[in-house]
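The primary structure of each chain is shown beneath.
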Amino acid sequence: MNAHVKVWGVKTGTISPLIYGHFIEHLGRCIYGGVFDEDSPLADSSGFRKDVLEAVRRIKCPVLRWPGGNFASAYHWEDGIGPRERRPKLINYVWGGIETNRFGTDEFIEYCRRIGAEPYLAVSLGTGTLDEALHWLEYCNLDTPTKYAEMRKTFGHPEPYRVKYWGVGNEVYGPWQVGHCSAREYAEKLRQFAMFMKALDPSIQIIAVGADDPEWDLTVLKHAGKVIDFISIHQYHGSEDYYETVAAAYYVEERLKLLAGLIKSTRMDHVKIAFDEWNVWYQVDPEEEAQEKGIVYLEEPYTLKDALFAAGIFLVLHRLSDVVGMANLAQMVNALGMIKTRKDAMVLTPIYHVFDLFVNHTGTVRLGCEVLADSYAIRAKSFLKGRSSFALERVPYFDASATYDPSRNVLSLAIVNFHRDEPCEVVVDLSDIPAGKEGRLFELTAPDVLAGNDFASPDRVVSVSRTVALSESPYSLPPHTLWVLEIPLEKALPEAV
């Protein structure tokens, strides 16, 4: 198989670092036993897992969404503040088990500060009220002599948290959600919440619930578009079939383009897309877990094929950086987690290593990049008993993204050979780029697309690097492989870039 990549030193967009965001929810062992584990020998004085903390710092998590997800629709934030020993223990009737409330708003904000992330809070539209949302906003962001701002100070946090991102509800289009309602009902609630919350703190940005349904999304945009900043979309995919899994990234691209078209058609050009839940999820059924265990864990195992899906998602997000302003992997630890833990150890899945390569070795300026490669057609059924299916006529066997990091004067080329069995001979044309003679190549692959990392063998799928001569083009890219090639430039690209 052959492919050709042509890169121009022409700016075509800016890539928001927020596309590399994450999400944690009170689901299974995501928070308790994952992010926060007071009984672990690896926990610090705040109860945070030090190994997880360092792993998340390494991939520079830019924004972290909490407390849900479905859990947010039945969450009352005042249960999770104040002295931990006084907080109520409650039934987590959304996901099962007991909610101790030992991890609440103040712990979440501290965690965000420790990892350098912007906090993203989701307010309840299920059992919550407008008053409750406004009180939470006051608690977090205001420095006034009023009840909830004073409450924060009393609990040892004199300075406002200045939380910028606020989601109003979660998946309320679905009957599984506490607070399920129609699009028109939601749009009216959203308009009121957004209007009063922004009146209280004009600096915040509001994320609206999108449904990946044109009728729902148009209703929200038409009736509340003027008071929101983002509209969300959620996508989960995956299958035992290799090609169904990796091709799903290009189905996601179609859905994101559809939502972008709806935004444009309503002339709400200030609204960006928040792709604030996405991942591979097809093996663990929440209904079955709830019946068998009384609690939902969703500890999906991840392999190389799932990592290549994630790489495809990032290539798509680079292309759509003008319209997608945020994305959040669901979730960060254990529950659909890119990181797995037990009391005394941690494992980084192949999906984690994709984040590492894109976050640390690609740039924030999108460059012109033309890719010529073979494609295939596919009809796929995926995500738990065929609840999500798609058909695509042209799925690339090979894809690429070219980016530039002005701070380091480095061009990065992220390229993926999605073919399961065949290597790809790749001609890379950098004739318009003042490239040096050598580059640094980072590779993520394994002999088997079903290879994954576990506690017995945590390093089956990890990235390796080596120096390459740029004169080596065409490069032989192995099957089912992600490469990121960093190329130092002999001079900076023009300021216009």
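Up top is the structure these notes are about.
Nothing here was measured: the structure is a model prediction, and the numbers come from that model.

Time to look at the overall build of the protein. When you go through the protein residue by residue, the secondary structure sums to ten helices and 23 strands. Relative to its length of 497 residues, the protein is compact, with a C-alpha radius of gyration of 23 Å against a globular reference of 23 Å. The buried share among the 497 residues of the protein stands at 62%. Considering only contacts in the protein between residues 6 or more positions apart, those separated by 24 or more positions represent 75%. Here the protein displays about 19,200 Å² of accessible surface, and carbon together with sulfur accounts for 51% of that area. Here the protein contributes 51 positively and 68 negatively charged side chains, and the mean placements of these two sets differ by 3 Å.

Attention now moves to the sheet that holds strand β23 (residues 481-488). Pairing in this open sheet of nine strands is mixed, and the strands run β21-β20-β23-β18-β17-β14-β1-β19-β22 from one edge to the other. Each edge of the open sheet carries a strand with a single partner, namely β21 (463-469) and β22 (475-477). Each strand axis lies, on average, 25° off the axis of its neighbour in the sheet, ignoring direction. Where strand β14 (residues 365-373) lies against strand β17 (residues 398-405), two bridges are found, and the strand directions are antiparallel. When the sheet's bridge partners are listed, R366 is paired in β17 with T403. Helix α10 (residues 350-361) contacts β18 (410-417), β20 (438-444), β21 and β23 of the sheet and is inclined by roughly 20° relative to β23.

So, on to helix α5 (residues 183-200). The terminal C-alpha atoms of α5 lie 25 Å apart, and with 18 residues this matches the ideal 26 Å at 1.5 Å per residue to within 8%. Those residues of α5 that sit buried are A183, Y186, A187, L190, F193, A194 and M197. Each buried residue of α5 lies within a common arc of 135° when the element is viewed along its axis, so the set occupies one face. Within α5, the exposed residues directed more than 90 degrees away from the buried face are R184 and A199. On its buried face, α5 is in contact with β6 (118-123), α3 (130-141), β7 (165-168), β8 (205-208) and α6 (214-224).

Here we take up the nonpolar core. By size, the foremost hydrophobic cluster in this structure holds 141 residues, and its most contacted members are W166, Y186 and M197. Of all the elements, helix α7 (residues 242-265) adds the most residues to this core, at 14 residues. Those residues in contact with Y186, other than ones at most four positions away along the chain, are L125, V168, V172, C181, A208, V209, W216 and V220.

What follows is about a nonpolar patch on the surface. Taken together, I91, Y93 and I98 make up a surface patch of nonpolar side chains, about 380 Å² in accessible area. Take I98: it is sitting in strand β5 (residues 98-99).

This next bit is on the state of the cysteines. What we call a disulfide is simply a covalent bond connecting the sulfur atoms of a pair of cysteines. Counted under the stated rule, the structure contains zero disulfides. Here C61 is not cross-linked by a disulfide; its sulfur's nearest cysteine counterpart is in C112, at 7.3 Å. Not part of a disulfide, C140 finds its nearest cysteine sulfur in C112, a span of 11 Å.

Turning to the environment of G363, a few remarks are in order. Considering the arrangement of structural elements, one finds G363 in the loop between α10 and β14. Residues G363 and S16, 347 residues apart in the sequence, show an inter-C-alpha distance of 10.0 Å. Not counting residues within four places of it along the chain, the set of residues in contact with G363 comprises I15, T403, Y404, D405 and S412.

Here the focus is the sheet that holds β6. One closed barrel accounts for eight strands, arranged β2-β3-β6-β7-β8-β9-β10-β11; its pairing is parallel. Within this sheet the neighbouring strands show an average axis-to-axis angle of 30°, counted without direction. As judged from the four bridges shared by β6 and β7, these two strands associate in the parallel manner. Across the sheet, A122 pairs through a bridge with G167, a residue of β7. Running at roughly 165° to strand β3 (residues 63-66), helix α2 (residues 105-115) makes contact with β3 and β6 of the sheet. Lying on the sheet, α5 is in contact with β6, β7 and β8; it crosses β8 at an angle near 170°.

Parameters at a glance
- Along each chain, residues carry numbers from 1 onward, in the same order as the chain's sequence is written.
- Only residues with pLDDT of at least 70 are given local features in this predicted model, and only at 80 or more are side-chain atom pairs given and counted; all residues enter the totals for whole chains, interfaces and linings.
- The basis for every side-chain value is the complete set of heavy atoms in the structure, and neither hydrogens nor water enter the calculation.
- Here a helix means four or more residues in a row that DSSP labels H or I, a strand means two or more in a row labelled E, and each is numbered from the N terminus.
- We compute the radius of gyration from the C-alpha atoms alone; for a globule the expected value is 2.2 Å times N to the 0.38, where N is the number of residues.
- With a 1.4 Å probe rolled over the protein chains alone, any residue whose accessible area is under 20% of its type maximum counts as buried; one over 50% counts as exposed, and the rest are partly exposed.
- Any pair of residues with heavy atoms lying within 4.5 Å of one another is described as a contacting pair.
- All accessible areas in this document rest on Shrake-Rupley with a 1.4 Å probe, and a residue is counted as covered only by the protein chains that are shown.
- Charged-residue counts in this description rest on Lys and Arg as positive and Asp and Glu as negative, His and the chain ends being excluded.
- One atom stands in for each charge, and that atom is NZ of Lys, CZ of Arg, CG of Asp or CD of Glu.
- Note: two strands are recorded as paired if DSSP finds a minimum of 2 bridges between them.
- For helices, the fitted axis covers only the stretch in contact; all axes are lines through C-alpha atoms, and the angles between them, taken along N-to-C directions, range from 0 to 180 degrees.
- One less than the residue count of a helix, multiplied by 1.5 Å, gives the span that helix is expected to have.
- The arc under discussion is defined with respect to the helix axis, by the directions toward the C-beta atoms.
- For our purposes a nonpolar core is just a set of buried Ala, Val, Leu, Ile, Met, Phe, Trp, Tyr and Cys residues, chained together by side-chain atoms within 4.5 Å.
- For patch building, the residue pool is restricted to those with more than 30% relative accessible area and no salt bridge; the joining distance is 9 Å between like charges and 5 Å between nonpolar side chains (Val, Leu, Ile, Met, Phe, Trp, Tyr).
- Put simply, a salt bridge is a Lys or Arg side-chain nitrogen that is within 4 Å of an Asp or Glu carboxyl oxygen.
- Defined by distance alone, a disulfide is two cysteine sulfur atoms within 2.5 Å.

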